[in-house]
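# Results of the structural survey
Now for the letters of each chain:
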Amino acid sequence: MVISWSDAVEDADNDADAARYHRALAQVVDLDPLVQSFLQAVKYSGKWPTTTTGEYDSTPMPTAIRTRYGHGERHISVYIDGTWVVDAGSSQYTGYLVNVRPGCTPNFRHGSDAATTMAASDFHARMDDMESTKDWIPRELVGYLRSHNIPVPPN
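Residues numbered from 1 in each chain as written. Predicted model: local features only at pLDDT ≥ 70, side-chain atom pairs only at ≥ 80, totals over all residues. Heavy atoms only, no water.

## Quick word on the packing of helix α2 (residues 15-45) against helix α3 (residues 123-131)
- Relative to each other, α2 and α3 sit at 40°, their axes nearing to 9 Å. On the basis of their axis angle, the class for α2 and α3 is oblique. The handedness of the crossing between α2 and α3 is left-handed. Along the contact surface, α2 presents Asp-17, Arg-20, Tyr-21, Arg-23, Ala-24, Gln-27 and Val-28, while α3 presents Phe-123, His-124, Met-127, Asp-128, Met-130 and Glu-131.
- Among the residues forming the contact of α2 with α3, the class breakdown is 6 nonpolar, 2 polar and 5 charged. (Axes fitted to C-alpha atoms, helices over the stretch in contact; angles between N-to-C directions. Helix = DSSP H or I, 4+ residues; strand = E, 2+ residues; numbered from the N terminus. Parallel < 35°, antiparallel > 145°, perpendicular 65-115°, else oblique. Left-handed = near helix turned anticlockwise from the far one by under 90°. Contact = heavy atoms within 4.5 Å. Nonpolar A, V, L, I, M, F, W, Y, C, P; charged D, E, K, R; others polar.)

This is the structure:
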């Protein structure tokens, strides 16, 4: 059977997948104020983790906060510039789930891989994981604050 361009466009413009992608973007928008408040709480507590730049320079430089340290475990990394990255610990795809930079569109891809669009082979796995982010990201952030004796910000 020959597939026409109109068939291809109809398949590419799948309404259900487009809705999933827009829900994933909405999840990021909903979570961003919480992550930014978390960033400010850690920053103001004076407990932002630092590292030195090298053997001869002992100047402490801010490093990323990572809520968990085991490879393959879901976690959030938060950077002092407001960037945050979610790794769902999924074995269904490589790299992060989403990378959020202030003022930019959330990035659902990793490194030089093709952007995660509805045509990507791992699109459904990523969107499945995005649907659960509101369930575990707030707990990750609260857990980090409590384990470092940082007060949870008020609403």
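Past the structure itself, the notes keep going.
## Description of the packing of α2 against helix α4 (residues 133-147)
- Running from amino to carboxyl end, α2 crosses α4 at an angle of 0°, the nearest separation of the two axes being 11 Å. Of the possible angle classes, the one that applies to α2 and α4 is roughly parallel. Contact with α2, carried on its side by Gln-27, Asp-30, Leu-31, Leu-34, Val-35, Phe-38, Ala-41 and Val-42, involves Thr-133, Lys-134, Ile-137, Pro-138, Leu-141, Tyr-144 and Leu-145 of α4 and no other residues of that element.
- Its residues assigned to classes, the contact of α2 with α4 comprises 11 nonpolar, 2 polar and 2 charged.

## Looking at the sheet that holds strand β4 (residues 75-78)
- Taken together, the 4 strands give an open sheet; going across it, the order is β3-β4-β5-β6, and neighbouring strands pair in antiparallel fashion. Every interior strand has two partners, whereas the edge strands, β3 (65-66) and β6 (98-100), have only one.
- Direction of pairing for β4 relative to strand β5 (residues 84-87): antiparallel, over a ladder of 4 bridges. Paired with His-75 across the two strands is Asp-87, which belongs to β5. (Pairing = 2+ DSSP bridges.)

## Some details on the layout of surface pockets
- Size it by volume and the largest pocket reaches roughly 190 Å³.
- Lining the largest pocket, in full, are Leu-34, Ser-37, Phe-38, Pro-138, Leu-141, Val-142, Leu-145, Val-152, Pro-153, Pro-154 and Asn-155.
- Per-element accounting of the lining of the largest pocket gives the leading share, 4 residues, to α4.
- Classifying every residue of the lining of the largest pocket gives 9 nonpolar, 2 polar and no charged. (1 Å grid on protein atoms, 1.4 Å probe; cavity = no way out; pocket = protein on both sides within 12 Å on 5 of 7 lines; lining within 4 Å. Points joined across faces, edges and corners; volume = space filled by probe spheres on them.)

## Some points on a negative patch on the surface
- A surface patch of negative charge is lined by Asp-7, Glu-10, Asp-11, Asp-13 and Asp-15.
- Per-element tally for the negative patch: the top contributor is helix α1 (residues 5-12), with 3 residues.
- Relative to the helices and strands, Asp-15 resides in helix α2. (Patch = residues over 30% accessible without salt bridge, like charges linked within 9 Å, V, L, I, M, F, W, Y side chains within 5 Å. Areas by Shrake-Rupley, 256 points an atom, 1.4 Å probe, with all protein chains shown as cover. Salt bridge = Lys/Arg side-chain N within 4 Å of Asp/Glu carboxyl O. Lys, Arg positive; Asp, Glu negative; His and termini not counted. Charge placed at Lys NZ, Arg CZ, Asp CG, Glu CD.)

## Some details on the pattern of salt bridges
- Counted by the stated rule, this structure contains 7 salt bridges.
- As a salt-bridge pair, Glu-131 and Arg-23 come within 3.3 Å of each other at their nearest N and O atoms. One end of the pair, Glu-131, is in helix α3; the other, Arg-23, is in helix α2, and 108 residues separate them in sequence.
- In this structure, a network of salt bridges that share partners links the residues Arg-20, Arg-23, Asp-128 and Glu-131.

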